[in-house]
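What the coordinates show
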Amino acid sequence: MARHDGQAETNRSSKAAAQGWVVFLSILLTACLVLLIYGLSLDQTVFREDFLIGQIEKQGFYNDVPGMISELMNAEIRKSEMASQYAWFSHEQLTSFVSSILPPDWIRQQTESVIRSVISYIEFEQETLSILIDTQPVKQNIMGPAGKQAFLSLLSGLPDCTTEQMLMIGLAIETGQTNFDLCNPPENILPLLDFVLDQILAEIANDIPASVQIPPPGQSSSLQLVEQSSIIRALRGFQAGFGLLPWAAGFFVLLIAVISWQSLRLMVSGLSFSFIFAGVAGILPGAIIFLGGQFPALLINSYTRTIPENLSDPITRLLEAIFKVQGQLLLILGLGFLLVGLIFLVLRFFAKR
């Protein structure tokens, strides 16, 4: 009788120990599954080059770039000695000029290059965040027919040349000088301006470097704040451990199965808890982000508050689109994990009976 009581006590102790281990492993499995849900949503959005490029195109970002550049040009011109000469140019004229001198697909190519550089940095394929913009196609376009036509179109929006300005233009044509007031010359002397325009456009092109490195060599401080920002560091850290999450989750599932192999009810109880909790952890924030509201808006504002005003609107639209897709993915993944958890819960009900 004493031996029987001792055996029963041992069985109860073993069962209690198994239950304790299953609870502990279920908590670890839940943490892995929650991280896995968020990791999968990031992997299909932020870490996917084709997704980001597609969203940029959908939001019309490429169409906004000439306007952004023209705003920057306006800001620089107002600070320069040429402010009086360029005061006649409207924002629309400068935007049209920029659109004309930028080669076809150049904006797309450089945008894709920037995205590749940032993702390569986040995925530890390069040690520092460095971006190289190739401006050689722009230089060539400025010195070609497109640049000349764009400059003439820009002049046509200015007031007609005065007699004094015409004399200065005539002197420039004779001597090859390029220092004269900009104005709208008569059409009959436009052919005579070709030689002078070639020199002006060549000077503009020569002032543009063949490539622009961001940050410039020896001046990495401009991107240090980006590299050291909490969100970039979090993304890099998450990306470093993301590949281990499925293996860790599978390992915890295996341990739960091994420890509770004598009790199907205990096994499915631990698994159902993990999957249901992880599913809810994905569904709730996913619904908040997908449906919009104040929280996503505050999150976007925290990202864009340090961005120049001319970039704020298009980047805000882009972030809103990315968050919406990410919220949708969290909803789908959360529902999937919740369904698996409910299946385990049903199995627990039958195991109990």
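The paragraphs below set out a description of the structure included in this document. (Residues numbered from 1 in each chain as written. Predicted model: local features only at pLDDT ≥ 70, side-chain atom pairs only at ≥ 80, totals over all residues. Heavy atoms only, no water.)

**Let's talk about a nonpolar patch on the surface**
A cluster of nonpolar side chains, namely Val23, Ile27, Phe273 and Phe277, defines an oily patch on the protein surface of about 400 Å² accessible area. Taken together, the elements giving at least two residues each to the nonpolar patch come down to helix H1 (2-43) and helix H14 (264-291). With respect to the helices and strands, the residue Ile27 is situated in helix H1. (Patch = residues over 30% accessible without salt bridge, like charges linked within 9 Å, V, L, I, M, F, W, Y side chains within 5 Å. Areas by Shrake-Rupley, 256 points an atom, 1.4 Å probe, with all protein chains shown as cover. Salt bridge = Lys/Arg side-chain N within 4 Å of Asp/Glu carboxyl O. Helix = DSSP H or I, 4+ residues; strand = E, 2+ residues; numbered from the N terminus.)

**Focus on the packing of aromatic side chains**
Counting across every chain of the model gives 5 aromatic pairs. Aromatic side chains Trp21 and Phe24 sit 6.1 Å apart centroid to centroid with 80 degrees between the ring planes, which places their arrangement in the edge-to-face category. Here the residue Trp21 and the residue Phe24 both occupy positions in helix H1, the gap between them amounting to 3 residues, near one helical turn. By relative accessible area, which is 45% here, Phe24 ends up partly exposed. Ring geometry for Phe275 against Phe337: centres 5.8 Å apart, planes inclined by 35 degrees, an arrangement best described as tilted. Separated by 62 residues along the polypeptide, Phe275 in helix H14 and Phe337 in helix H16 (residues 309-352) bring together distant segments of the chain. An aromatic cluster is present here, built from Phe275, Phe337 and Phe344 joined pairwise through their rings. Positioned above the aromatic ring of Phe290, the side-chain terminus of Lys324 is 4.5 Å from the ring centre. (Phe/Tyr/Trp six-rings, centres within 6.5 Å; stacked < 30°, edge-to-face > 60°. Buried < 20%, exposed > 50% of the residue type's maximum accessible area, 1.4 Å probe, protein only. Lys NZ or Arg CZ within 6 Å of the ring centre and 35° of its normal.)

**Description of the nonpolar core**
Side chains of nonpolar character tend, in soluble globular proteins, to be buried together. Phe151 and Ile169 are the most contacted members of the largest nonpolar core, which totals 38 residues. A per-element tally of this core places helix H10 (residues 194-206) first, with 5 residues. In this structure, Val22, Ile37, Phe275 and Phe337 belong to the second largest nonpolar core, which totals 25 residues. (Core = buried A, V, L, I, M, F, W, Y, C linked by side-chain atoms within 4.5 Å.)

**Details of the packing of helix H8 (residues 145-156) against H10**
The contact between H8 and H10 brings their axes to 10 Å, and the two run at 105 degrees. Here H10 runs roughly perpendicular to H8, going by the angle between their axes. Together, Gly147, Lys148, Phe151 and Leu152 of H8 and Asp194, Leu197, Asp198, Ile200 and Leu201 of H10 make up the contact between the two elements. For the contact of H8 with H10, the class distribution of residues is 5 nonpolar, 1 polar and 3 charged. (Axes fitted to C-alpha atoms, helices over the stretch in contact; angles between N-to-C directions. Parallel < 35°, antiparallel > 145°, perpendicular 65-115°, else oblique. Contact = heavy atoms within 4.5 Å. Nonpolar A, V, L, I, M, F, W, Y, C, P; charged D, E, K, R; others polar.)

**Considering H10**
Along its 13 residues, H10 runs 18 Å from first to last C-alpha, staying within 8% of the 18 Å computed at 1.5 Å per residue. Residues of H10 that are buried: Val196, Leu197, Ile200, Leu201 and Ala205. If you follow the buried residues of H10, they end up packed against helix H7 (136-142), H8 and helix H9 (163-175). (Expected span 1.5 Å × (residues − 1).)

**Focus on helix H2 (residues 49-58)**
The set of residues buried in H2 consists of Phe51, Leu52, Ile53, Gln55 and Ile56. One or two residues past the end of H2 sits Gly60, with phi positive at roughly 70 degrees.

**What to know about the side chain of Lys139**
For Lys139, the position within the fold is in helix H7. In this structure Lys139 comes out as buried when scored by relative accessible area, which is 11%.

**As for the side chain of Ser272**
Along the chain, the position of Ser272 falls in helix H14. In contact with Ser272, not counting residues within four places along its chain, are Gly341, Phe344 and Leu345.

Read these as geometric descriptors, not functional statements.
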